[in-house]
Amino acid sequence: MKKLKAAIQYECMTSFKYIWYFYAIQYAIVLLISLIVAIGTGSFDNIGSNCLEINSLIFVGILGALGYREDFRMLIQNGFTRKYIFIATVSLYLFISGIMALVDTIMGNVLHAVRPDYFSLYGALYGYHNVLINWLWLFLVYMAVCFLLYLMILVINRIGKTASVCLGVALGGCVLLVFALFRFVLPGRTVAAIAEFARNAMGFMGDGTVYHAFPVLTLLLLGGILGIGSFAIIRRTELK
Amino acid sequence: MNAIQIKNVTKRYHDVTALDHVSFSFAFGKIYGFLGRNGAGKSTLINIIANRIFADEGEVLVDGIPARENMLVHEKLFCMSEADLYEKNLKVKDHFKWMQRFYDCFDLDKAFQTAEKFELDVNQKFKALSKGYQSIFKLIAALSLNVRYVIFDEPVLGLDANHRELFYDLLLRDFETREQTIIIATHLIEEVANIIEEVVLIDKGKVLLQESTDTLLETGYCISGLAQDVDDYCRGKNVIGYDELGSLKLAYLLGEKAQLPQGSHLQISPMNLQKLFVKLTEKGGN
């Protein structure tokens, strides 16, 4: 356990500062754009952007995926097994997702309170009724994104560049195929049922009510599937 | 069993067989020279021992414990690699501090003292170090760990003569005081010839020989003279290679030295480890 703790500490402590670099740069850019627009238009009305969590989504994805190679090499050099490396990586995702979801929840609610025309991602979808659920939802979204990109980078590392490009093309083709299936092949009733299922999975019920537990369960399931997939690949990953 | 046991290990990369059913052991308490030409399979085997890659067949045991994905070997084995696997943005001193957390047997004070001896600036980031100092950092990390088995893969790459001497000196001093096995994989055979006790020679994914250095140097010799005389002498003996210069012929042999014939103009001379290595791997290539 001591070794595992050291690996987790390494992952978390070496990434911690980048979270604050990100927020400092993000809010500096928002401030700068606001000032430029304000100076240009001579008014502070209608400036600022919504859904700043999108930036966080991109950041956690990049931090999670791009950190893989360096951290894997460093930990394997220091004798850690892939199981330990995976647990340390998941801990890093829990850590950065938890902190960033907290910051984004607080900032989203504060900004909305100060400027009611600002909407956070969660607020725009579900409203501003429950801060805890807001944090949990964001946390799980960030975790799912981390796992998705982690799985992608592991697959790319395993199958190589050429096969990855082919896989990307195939996946792109599949997306087009699915759209075509929905539009031209599947009966309207089936498409409506699938759309309703997707809405329900994200908590939006047919009668207009919102069940917050559903998106939490959906994201947990998604994160779990992606996490298991990632573990299945990393346990066979070799140093390149 | 106190050893690194390599049992029937095979590793293939597409059509290339990097290791072909390799079996041998690195016994505890010795200094080994793990020798082989480029692409012979040295680094592949080291990476399998260090759990960085997996064998397609066979297994590696460290003191009887399977090395594959096993944290029980964490405090037993360390591999200093030729490849740079360390986080480039960390300072040297922070690397040492992390290693102290990763390993119970890491001597932090010793790491800083050794860094001073090598004049390594511990406040520099790893990426800011020259190639030579990056190697020195990796050597210090390995020297500061009191594990039972240390593997050095091309340890003196990029080091100047003074630093190489210092490294060998520190290595031997440690070996006198600690109980451990040191495995040195290198091309610089003559440089390690005086240090290593046993040689494992690998070529084209197969072990050509495993023998003590003393035995090799005792049984390896060179016969030179006129081609006909040399050929007559060599008949029925284990000749590992020839060199020819005009009518003069040199034969390199392994085995007990037979008496030179009465009145013979042949000359007998010892063969150094490097020549032995070259001739054995040439033979393997023929």
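Residues numbered from 1 in each chain as written. Chains lettered and ligands numbered in written order. Predicted model: local features only at pLDDT ≥ 70, side-chain atom pairs only at ≥ 80, totals over all residues. Heavy atoms only, no water.

1. Some remarks on the pairing of strand β11 (residues 220-226) of chain B
Residues and elements named next belong to chain B. Within β11, six of the seven residues are buried, leaving the element largely enclosed by the surrounding structure. Across seven bridges, β11 lies against strand β13 (residues 248-254) in antiparallel orientation. If you follow Gly220 over to β13, its bridge partner there is Leu254. Of the pairings in the sheet, the one linking β11 to strand β14 (residues 267-270) comprises four bridges and is antiparallel in character. Across the sheet, Cys222 pairs through a bridge with Ser269, a residue of β14. (Buried < 20%, exposed > 50% of the residue type's maximum accessible area, 1.4 Å probe, protein only. Helix = DSSP H or I, 4+ residues; strand = E, 2+ residues; numbered from the N terminus. Pairing = 2+ DSSP bridges.)

2. Some points on the packing of helix α2 (residues 92-102) of chain B against helix α4 (residues 131-143) of chain B
Residues and elements named next belong to chain B. Between α2 and α4, the shortest axis-to-axis distance is 11 Å and the interhelical angle comes to 25°. It follows that α2 is roughly parallel to α4 by the angle criterion. Considering only the axes of α2 and α4, their crossing is right-handed. In contact with Val92, His95, Phe96 and Met99 of α2, α4 contributes Phe137, Ile140 and Ala141. Here the residues of the contact of α2 with α4 sort into six nonpolar, one polar and no charged. (Axes fitted to C-alpha atoms, helices over the stretch in contact; angles between N-to-C directions. Parallel < 35°, antiparallel > 145°, perpendicular 65-115°, else oblique. Left-handed = near helix turned anticlockwise from the far one by under 90°. Contact = heavy atoms within 4.5 Å. Nonpolar A, V, L, I, M, F, W, Y, C, P; charged D, E, K, R; others polar.)

3. What to know about the domain arrangement of chain B
All names here are of chain B. By the assigned domains, chain B splits into domain 1 (3-204) and domain 2 (216-285). Once you take the C-alpha centre of each, domain 1 and domain 2 turn out to be 35 Å apart. Domain 1 puts eleven residues into the contact, and the matching count from domain 2 is nine residues. Summed over the three residues of domain 1 that lose the most area to domain 2, namely Ile189, Glu190 and Leu201, the buried surface amounts to 47% of that side. (Domains from an automatic or database assignment. Buried area = accessible area lost by both parts, 1.4 Å probe.)

4. Overview of unusual backbone geometry
Residue and element names in this part refer to chain B. At Asn8, a residue that is not glycine, the phi angle is positive and equals roughly 55°. Counting through the fold element by element, Asn8 comes out in strand β1 (residues 3-13). You will see that Asn51, though not glycine, has its phi angle at about 65°, which is positive. By relative accessible area, Asn51 is classed as buried at 7%.

5. Examining the packing of helix α1 (residues 2-41) of chain A against helix α2 (residues 53-77) of chain A
Residues and elements named next belong to chain A. Their axes nearest at 11 Å, the elements α1 and α2 cross at an angle of 145°. When the axes of α1 and α2 are compared, the crossing they make is right-handed. Only Asn55, Ser56, Phe59, Leu63, Asp71, Met74 and Leu75 of α2 make contact with α1, whose side of the interface consists of Ala7, Tyr10, Glu11, Ser15, Tyr18, Ile19, Phe22, Tyr23 and Gln26. In the contact of α1 with α2, the residues fall into ten nonpolar, four polar and two charged.

6. Focus on a positive patch on the surface
Residues A:Arg158, A:Arg235, A:Arg236, A:Lys240 and B:Arg68 make up a contiguous surface patch of positive charge. Inspection of the secondary structure puts A:Arg158 in helix α5 (residues 131-159). (Patch = residues over 30% accessible without salt bridge, like charges linked within 9 Å, V, L, I, M, F, W, Y side chains within 5 Å. Areas by Shrake-Rupley, 256 points an atom, 1.4 Å probe, with all protein chains shown as cover. Salt bridge = Lys/Arg side-chain N within 4 Å of Asp/Glu carboxyl O. Lys, Arg positive; Asp, Glu negative; His and termini not counted. Charge placed at Lys NZ, Arg CZ, Asp CG, Glu CD.)

7. Here's the deal with the sheet that holds strand β10 (residues 206-212) of chain B
Residues and elements named next belong to chain B. Reading across the sheet, the six strands line up as β6-β7-β8-β3-β9-β10 and stay open at both edges, with mixed pairing between neighbours. Unpaired on one side and paired on the other, β6 (77-80) and β10 mark the two borders of the sheet. Ignoring strand direction, the axes of neighbouring strands in this sheet form an average angle of 15°. Where strand β3 (residues 31-36) and strand β8 (residues 181-186) come together, five bridges link them in parallel fashion. Directly across from Ile31, in β8, lies its bridge partner Ile182. This element, helix α1 (residues 42-49), spans β3, β6, β7 (149-153), β8 and β9 (198-203) of the sheet and lies at about 135° to β3.

8. Details of the interface of chain A and chain B
Listed as interface residues are 27 residues of chain A and, on the opposing side, 26 residues of chain B. Surface buried jointly by chain A and chain B totals about 2500 Å² across both partners, of which 53% is contributed by carbon and sulfur atoms. On the chain A side of the interface with chain B, the three residues burying the most area are A:Lys3, A:Gln77 and A:Asn78, jointly 25% of the side's total. The interface formed by chain A and chain B contains five salt bridges. A:Lys3 is the salt-bridge partner of B:Glu75, the closest N and O atoms lying 2.1 Å from each other. Inspection of the chain A/chain B interface yields 19 residue pairs in polar contact (both at pLDDT 80 or more). If you list the elements that add at least two residues to the side of chain A that touches chain B, you get α1, α2 and α3 (82-114) of chain A. Here the side of chain A that touches chain B takes eight residues from α1(A), the largest share from any one element. (Polar contact = N/O pair within 3.5 Å; in protein donor to acceptor, adjacent residues only side chain to side chain.)

9. Details of the pattern of salt bridges
Residues and elements named next belong to chain B. For the structure on display, the rule yields 22 salt bridges over all chains. In this structure, Glu198 engages Lys30 in a salt bridge whose closest nitrogen and oxygen atoms are separated by 2.7 Å. A residue pair is termed long-range when its members are at least 10 positions apart, and Glu198 in strand β9 and Lys30 in the loop between β2 (16-27) and β3 qualify at 168 residues. Take Lys30: its relative accessible area is 29%, and that puts it in the partly exposed class. As a salt-bridge pair, Arg148 and Asp63 come within 2.7 Å of each other at their nearest N and O atoms. Taken together, the residues span a long stretch of sequence, with Arg148 in the loop between α4 and β7 and Asp63 in the loop between β4 (57-62) and β5 (65-66) at a distance of 85 residues. Accessibility expressed as a relative area gives 24% for Arg148, which makes it partly exposed. Judged by relative accessible area, which is 14%, Asp63 ranks as buried.

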